[in-house]
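Listed here are the chains, written in short residue letters.
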Amino acid sequence: MCAPWRKLAFAVSSPWGGEWHFWGKKTVIRFLVRAVAALLVLLVAAFIAFAAYIDLPAQVTAFTSMTAKLMCSAVFVAGRDEKVVWKQDYVRLTMPGKSMGLARLNVDQIEKSVTSTLAGFGYGKAIYRQGIGCTAIVGRSEGDVRAQGEGVASVLPPADANALWPEGEATLETQLPASIDAAKLSAALNRAFSEPDPDQPRKTRAVVVVHQGRIITERYAPGFTKDTAQISQSMAKSVLNALTGILVRDGKLSLYAPAPVREWADPRDPRHAITLDNLLRMSSGLAFDENYTSPKSDTNMQYTTGDFAAYTAAKPLEAKPGTKFNYSTGTSNIIGRIVREAAGPNFRDGFAFPRRALFDPIGMRSAVLEVDAAGSLQGGSFVYATARDYARVALLFLRDGVWNGTRILPEGWVKYSLTPTPGSLPQKGYGAHFWLNTGVDPKVQRWKNVPADAFIMSGIQGQNVVSVPSRDLIVVRLGMTEFDNWDVSILVEDVIAALGADS
């Protein structure tokens with residue numbers, strides 16, 4: 001029998017009439033080889049063009065730095081087991097455009113550092129320092145970063161286990177006021193921790209409810225407790241607000257003078273007109289793309305540059321200061337540098353400031369505000385604290401900046417912070433580093449079934465602290481929600497329904 005190739009022959013109609021004939025094995029092979037080669041050339045060209053468009057080296061740096069930094073903080077700040085972190089935070093989580101499970105991590109318990117590669121490519125490292133958490137080594141040498149020093153630990157004695165929170169550790173869960181429906185309160189938490197759709201998990205990790213200054217209920221996912229520090233994401237911005245207010249109180253910062261930013265020091269620079277108020281209200285006019293899915297988003301600067309403040313301060317104006325609202329983590333990182341520098345002449349003064357000025361005075365023993373490689377406070381995203389300690393920040397604002405009779409925030413600061421920013425989203429009012437339930441039009445509410453006076457500390461992946469002054473209520477919810485399937489307002493509504501009209 002003849003080989004099939006010897007019988008292979010075909011004809012193709014020619015556009016000029018007649019037929020083109022192809023005969024034999026060699027002709028077919030040559031055609032296929034050339035076609036495959038042309039396809040490979042196209043694929044390589046397309047890959048090179050795509051890699052250039054997304055700046056592939058920067059993307060690899062962002063991935064390895066991010067995965068190293070987040071594991072470092074989870075292990076050395078939060079005290080979680082690295083194998084559990086890998087299972088809960090990496091293998092089963094896909095950040096927008098970043099498959100965390102591709103990371104190859106090495107945790108060094110002696111040096112207190114984490115290194116990462118992307119499936120064996122690239123290299124990222126993060127190091128832990130006491131009091132200031134973990135820092136990704138980007139844009140600075142490790143020696144330079146370590147030379148900045150450390151923060152300070154809390155000097156507070158352990159809280160009294162028998163005294164009620166916030167003075168101590170005890171809660172009212174077993175002795176709820178008669179006006180509170182315990183069954184409804186329990187059902188509210190059951191709903192918050194439920195997983196109705198396995199394909200889109202909510203991953204609630206902590207819920208704490210504070211009413212009239214006391215914890216009335218709390219619950220934690222397996223592997224988490226009241227003592228587990230968790231990432232703030234953008235809730236850090238509200239913590240930064242408080243630190244800024246303290247410096248304003250002490251006369252070290254001014255809201256309405258040109259912000260002390262070295263990049264704009266020249267009065268001829270149009271950015272010189274940007275004030276601290278503009279920065280707090282996200283109306284600086286600086287161009288910044290707060291996009292968590294685009295490979296070219298400015299938010300990648302948190303892992304591709306070691307100086308977040310300088311990156312954002314170098315941005316041009318896209319609008320006159322005070323005229324356009326543009327939510328920007330970069331803006332908060334500029335404020336983080338301003339706060340650190342205003343706190344004292346050296347790194348140690350700035351690193352110690354959050355602990356001495358805010359955390360210890362209100363009993364936030366767990367809180368850590370991390371810094372970037374340039375030593376600036378990462379006020380846009382990176383506070384680690386327990387759910388209870390996030391509730392303390394909210395309680396400070398519910399009490400008009402006064403804690404146990406001592407004024408922490410300047411008089412009028414809370415009112416200023418919760419005043420809607422002109423031009424912020426009508427359905428999502430924004431104050432000064434706080435989200436509001438209403439904007440400049442009090443008739444337009446973000447959540448119609450939640451009291452209009454509610455204000456919110458909010459971060460990606462469902463980090464929320466919702467305060468409702470009219471009900472003397474704080475609801476904390478922390479988690480790692482991968483999809484847009486978490487609505488904290490439902491939890492707040494459920495809790496309010498459990499309080500009863502008299503509470």
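Look up: the structure comes first, before these words.
Residues numbered from 1 in each chain as written. Predicted model: local features only at pLDDT ≥ 70, side-chain atom pairs only at ≥ 80, totals over all residues. Heavy atoms only, no water.

A word on the sheet that holds strand β7 (residues 121–129)
Taken in spatial order, the 4 strands line up as β5-β6-β7-β8 in an open sheet, and their pairing is antiparallel. The open sheet has two edge strands with one neighbour each: β5 (103–108) and β8 (133–136). Across the sheet, the axes of successive neighbouring strands diverge by a mean angle of 20 degrees, strand direction being ignored. Across 4 bridges, the pairing between β7 and β8 is antiparallel. Its bridge partner lying in β8, tyrosine 128 is registered against cysteine 134. (Pairing = 2+ DSSP bridges. Helix = DSSP H or I, 4+ residues; strand = E, 2+ residues; numbered from the N terminus. Axes fitted to C-alpha atoms, helices over the stretch in contact; angles between N-to-C directions.)

Looking at the side chain of aspartate 269
Structurally, aspartate 269 can be placed in the loop between α7 (236–249) and α8 (276–280). Among the polar contacts made by the side chain of aspartate 269, one reaches the main-chain amide nitrogen of arginine 271 at a distance of 2.8 Å. Other than its neighbours up to four places away in sequence, aspartate 269 contacts Glu263 and Trp264. (Polar contact = N/O pair within 3.5 Å; in protein donor to acceptor, adjacent residues only side chain to side chain. Contact = heavy atoms within 4.5 Å.)

Some points on the pairing of strand β20 (residues 463–468)
Among the 6 residues of β20, 6 are classified as buried, and the element is accordingly described as predominantly covered. With burial as the criterion, each face of β20 is covered, one bearing Gln463, Val465 and Ser467 and the other bearing Asn464, Val466 and Val468. Bridge count between strand β19 (residues 455–459) and β20: 5 bridges; the pairing is antiparallel. Directly across from glycine 459, in β20, lies its bridge partner glutamine 463. Hairpin connection, β19 to β20: the antiparallel pair is bridged by 3 residues, and glutamine 461 has positive phi, about 70 degrees. When β20 meets strand β21 (residues 473–479), the two strands line up antiparallel, connected through 5 bridges. Bridge assignment links asparagine 464 to a residue of β21, and that residue is arginine 477. Connecting the antiparallel pair β20 and β21 is a turn made up of 4 residues, with aspartate 472 showing a positive phi of about 50 degrees. (Buried < 20%, exposed > 50% of the residue type's maximum accessible area, 1.4 Å probe, protein only.)

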